[in-house]
Structure formats: structure tokens, C-alpha cells
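Chain by chain, the residues run as shown.
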Amino acid sequence: QKEVEQDPGPLSVPEGAIVSLNCTYSNSAFQYFMWYRQYSRKGPELLMYTYSSGNKEDGRFTAQVDKSSKYISLFIRDSQPSDSATYLCAMIPILTGGGNKLTFGTGTQLKVEL
Amino acid sequence: SAVISQKPSRDICQRGTSLTIQCQVDSQVTMMFWYRQQPGQSLTLIATANQGSEATYESGFVIDKFPISRPNLTFSTLTVSNMSPEDSSIYLCSVEDGQGGVNEQFFGPGTRLTVL
């Protein structure tokens, strides 16, 4: 069993839809949870991160963590064609002073259609 | 945030040859990382490269296959040695930036390698 599971998609939604992207994980030691966005032929860019359980909002993006279920989500409101990308979840046990070893999901490919 | 460039952006190589990938950062960073991203698989850490010391390799990756140099705080190279088609992948370098109190990782654009 992989440490982090993520549905690879592809997920296709109409413009303006609410998108829900999810990951499950097995290692209860994970404390920090990140979402990266990767456009085609580009490196991943950090969208947002959360610590432990709870929600975090940044504009149209909301990250949600449920540690009891080992389940994290990224919601995108009012989705736009520019949101079309692959979204990767990543997590680490603890943020140290350096050398944080991220464990990634496989990524979900999202396409927002006009 | 750090700006990272990689060379080459892509290459097609023959089996048995070696390719060296360069990673350049626009600021001095302590930690640099090399990842592999294979189709349909998650980003996998190959090794961590600190300036002035030997790279630390993850399980399943060895120095003879993936030698790494880190001559200064803004540059690193990864060599993929004695390549086989199974090495076809995207190779990414990343750096940690501790600004804002969170050690975020920033990624380069990647090097797309195809081995025939």
C-alpha cells in the first residue's frame, strides 16, 4: 500500500464549478500537508499548506485536513480554465529546520472547460 | 521565492550513455533536492545535496547510478549513469526557502529524459 493515495483522474469540470481534490494517507505521523499545482512541462508550485487538522482558505482555494480519517482535500471555487493543471498533495511528519522529506501523491489531472 | 533553472530541458539518449543535468538557483540555499517523476507515479526523492558534503541518497538510489555534485550554494548537478529505458522520466531539482518561517520547497521546471 502506498503511503499517500490520490486519484489520478483526469477530472473534467465546467467553468465555474466547485472542484474537490482528495488524498488519503496511511502514516499517522504526517503533520504538515501541502498542495502543489503543476502545469504541463513545468515544475510543481506550492499552493498552500496546513498543519494538523482543520481548514485553511486562500482566495478560491480551501485546504481541509481530517487527521482522524487520514484524509485531506483541496476545494477550488469558481473554477477557471487557468486552473487546469495537475494537483499533487504532499505531506511530511514535521517541519524541521531543513531537509523536509516530502511524500507525494501521484497527482490528479484537472481540466476546466469553457 | 527562489528561481530555479535546469539544463537541459529535455534530451533523448541512447542506452548505456550518461547524462548530466544542471540545476542553478538565483540565491544561495543550503538544501537542494533531486526528484524523479515517472509517468503515473508520484514524485520520488532521489537524494538530498548539501554544499560541502556527500549527498544523502534515499532507499533504492545509489551514488554509482546517480552521482551528484554540489560545488557551491547556488548550483548542483545530477548525473544519470549507464542509462536504460527505465530511466526515462522527468528529473526535478528543488530547494528549500526558509523565508516566512516555513521551509517551503520550490521546484525547477524539470528535465524530460527519454532513453532509447
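Residues numbered from 1 in each chain as written. Chains lettered and ligands numbered in written order. Predicted model: local features only at pLDDT ≥ 70, side-chain atom pairs only at ≥ 80, totals over all residues. Heavy atoms only, no water.

S.K.: Would you explain the pattern of salt bridges in this entry?
M.R.: Oppositely charged side chains can pair when the atoms bearing their charge come close. All names here are of chain A. This structure, assessed with the given rule, holds five salt bridges over all chains. Between Arg-37 and Glu-45 there is a salt bridge, with the nearest N and O atoms lying 3.2 Å from each other. In this structure Glu-45 comes out as partly exposed when scored by relative accessible area, which is 32%. Between Glu-57 and Arg-77 there is a salt bridge whose closest N-O contact spans 3.4 Å. Highlighted residues: Glu-57 in strand β6 (residues 54-58) and Arg-77 in the loop between β8 (71-76) and β9 (85-92), separated in sequence by 20 residues. Residue Arg-77 is classed as partly exposed on the basis of its relative accessible area of 30%. (Salt bridge = Lys/Arg side-chain N within 4 Å of Asp/Glu carboxyl O. Buried < 20%, exposed > 50% of the residue type's maximum accessible area, 1.4 Å probe, protein only. Helix = DSSP H or I, 4+ residues; strand = E, 2+ residues; numbered from the N terminus.)

S.K.: Looking at this structure, I do not really get the environment of Asn82(B). What am I missing?
M.R.: All names here are of chain B. Relative to the assigned elements, Asn-82 resides in the loop between β8 (75-80) and β9 (89-97). For Asn-82, a relative accessible area of 54% puts it in the exposed group. Note: C-alpha distance between Asn-82 and Arg-15 (67 residues apart in sequence) is 7.0 Å. Aside from chain neighbours lying at most four places away, what touches Asn-82 is Gly-16, Thr-17, Ser-18, Lys-65 and Asp-87. (Contact = heavy atoms within 4.5 Å.)

S.K.: Can you walk me through the state of the cysteines in this structure?
M.R.: One way to say it: the disulfide is the covalent bond shared by the sulfur atoms of two cysteines. Applying the stated criterion across every chain yields a total of two disulfides over all chains. Across the disulfide from Cys23(A) sits Cys89(A); the S-S distance is 2.0 Å. Measuring the twist about the S-S bond at about -105°, one finds the Cys23(A)-Cys89(A) disulfide to be left-handed. Of this pair, Cys23(A) sits in strand β3 (residues 19-25) while Cys89(A) sits in strand β9, placing them 66 residues apart in sequence. Between Cys13(B), a free cysteine, and Cys93(B), which holds the nearest cysteine sulfur, the sulfur-to-sulfur gap is 17 Å. The buried category is assigned to Cys13(B), whose relative accessible area is 8%. (Disulfide = S-S within 2.5 Å.)

S.K.: Can you walk me through the interface of chain A and chain B in this structure?
M.R.: With 20 residues of chain A at the interface, the matching set in chain B holds 21 residues. Of the roughly 1,600 Å² buried between chain A and chain B on both sides combined, carbon and sulfur atoms contribute 53%. Looking at the side of chain A facing chain B, the largest losses of area belong to Arg41(A), Lys101(A) and Phe104(A), adding up to 28% of the total buried there. The interface formed by chain A and chain B contains one salt bridge. (Buried area = accessible area lost by both parts, 1.4 Å probe.)

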